[in-house]
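Residue-level structural notes
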Amino acid sequence: MSSLALHYVKDFERLCQKVYDCLTPRGQFVFSVEHPMFTCREEQDWYVDDQGNRRHWPVDHYQDEGIRETTFLTEQVVKYHRTLMTYINTVILSGFTVCAVKESLPTEEMVNKYPEMNDEYRRPMFLMISAENERFLIANHY
């Protein structure tokens, strides 16, 4: 299980293969990353009008995978942008069966407590993927 760390890993393909090789049959690989819609631009923020109102979340250079240097909690960090297609296909090509793909949504409780969370319905911030080691499926198929 990995929570919001794999978008900092340069070689996602190698990581997936290592996870696959380390898991026992029917092992689960569950991870979350910042959503590719969120990481596609180095400037990871809303487009605002002159009054500071959030107008929209800009998406640009989505297909251009690679390094994104940005600020996170006042620190400069290096992230690796990948498309949704790359995340899913890399997991599959590593031998896993994808069980679920989810995009983050705030709960009603979160929106009630923090009204600005209502903007999280406008774009997903996180991507979650659950996959299973296929060796179990293949071994028990016959």
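Up top you'll find the structure we're talking about.
Throughout what follows, the structure given in this document is the object of discussion. For every chain, the first residue of the written sequence is number 1, and numbering continues from 1 onward in sequence order. In keeping with the model being predicted, local features are shown solely for residues with a pLDDT of at least 70 and side-chain atom pairs are shown and tallied solely at 80 or more, while totals for entire chains, interfaces and linings include all residues. Excluded from the side-chain calculation are hydrogens and water; included are all heavy atoms of the structure.

Brief notes about the overall build of the protein
For helices the rule is a DSSP run of H or I covering at least 4 residues; for strands it is a run of E covering at least 2, with both sets numbered from the N terminus onward. The helix and strand tally for the protein stands at 5 helices and 8 strands. Listing every helix and strand of the protein by position from the N terminus yields β-α-β-α-β-β-β-β-α-β-α-β-α. Projected onto the principal axes, the alpha-carbon positions of the protein cover approximately 65 × 35 × 25 Å. Burial classification: accessible surface area is computed with a 1.4 Å probe over protein chains only, and a residue below 20% of its type maximum counts as buried, one above 50% as exposed, and the rest as partly exposed. The buried share of the protein, taken over its 142 residues, is 35%. Residue pairs at least 24 apart in sequence account for 66% of intrachain contacts in the protein once pairs closer than 6 positions are excluded. Entry remark: accessible area of the protein is about 9200 Å², with carbon and sulfur atoms responsible for 54%. Put simply, the protein has 15 plus and 22 minus side-chain charges, and the middle of one group is 4 Å from the middle of the other. Any two residues having at least one pair of non-hydrogen atoms within 4.5 Å are treated as being in contact. Surface accessibility in these figures is a Shrake-Rupley result with a 1.4 Å probe; residues are shielded only by whichever protein chains are displayed. For the purpose of counting charges, residues Lys and Arg are taken to be positive, whereas Asp and Glu are taken to be negative. His and the chain ends are not included. For charged residues, the charge sits on one atom: NZ in Lys, CZ in Arg, CG in Asp, CD in Glu.

Overview of the pattern of salt bridges
In what follows, salt bridge is the name for a side-chain nitrogen of Lys or Arg lying within 4 Å of a carboxyl oxygen of Asp or Glu. According to the stated counting rule, one finds 6 salt bridges in the structure shown. Linking lysine 79 and glutamate 34 is a salt bridge whose minimum nitrogen-to-oxygen distance equals 2.6 Å. Separated by 45 residues along the polypeptide, lysine 79 in strand β6 (residues 75–81) and glutamate 34 in strand β2 (residues 28–34) bring together distant segments of the chain. Across the pair arginine 122 and aspartate 119 runs a salt bridge, and its minimum N-O distance is 3.2 Å. For arginine 122, a relative accessible area of 38% translates into the label partly exposed. We classify aspartate 119 as buried; its relative accessible area is 19%. If you follow the salt bridges from partner to partner, you end up with Arg54, Asp119 and Arg122 in one network.

Notes on the environment of methionine 1
Here methionine 1 shows up in the segment before β1 (2–3). Taking relative accessible area as the criterion, methionine 1 reaches 85% and is therefore assigned exposed. With 114 residues separating them along the chain, methionine 1 and proline 115 place their C-alpha atoms 30 Å apart.

Re the nonpolar core
In terms of nonpolar packing, the biggest core is built from 13 residues, with Phe12, Phe31, Tyr87 and Val91 touching the most fellow members. The contact partners of valine 91, leaving out residues within four places of it in the chain, are Phe12, Cys16, Phe31, Phe96, Val98 and Ala131. As used in this record, nonpolar core signifies buried Ala, Val, Leu, Ile, Met, Phe, Trp, Tyr and Cys residues forming a set joined through side-chain atoms within 4.5 Å.

Side note on the packing of helix α1 (residues 12–22) against helix α3 (residues 84–93)
Lines fitted to C-alpha atoms define the axes here, with helix axes fitted over just the stretch in contact, and angles between the N-to-C directions of these axes take values from 0 to 180 degrees. Relative orientation of the contacting elements α1 and α3 amounts to 35°, with a least axis distance of 9 Å. Where α1 crosses over α3, the handedness of that crossing is right-handed. Across the interface between the two elements, Phe12, Glu13 and Cys16 of α1 pack against Tyr87, Thr90 and Val91 of α3. Throughout this entry, Asp, Glu, Lys and Arg are counted as charged residues, while Ala, Val, Leu, Ile, Met, Phe, Trp, Tyr, Cys and Pro are counted as nonpolar. The remaining residues, Gly among them, count as polar. Looking at the contact of α1 with α3, its residues break down into 4 nonpolar, 1 polar and 1 charged. For any helix crossing, the convention is left-handed if the near helix is rotated counterclockwise from the far helix by under a right angle, and right-handed if that rotation is clockwise.

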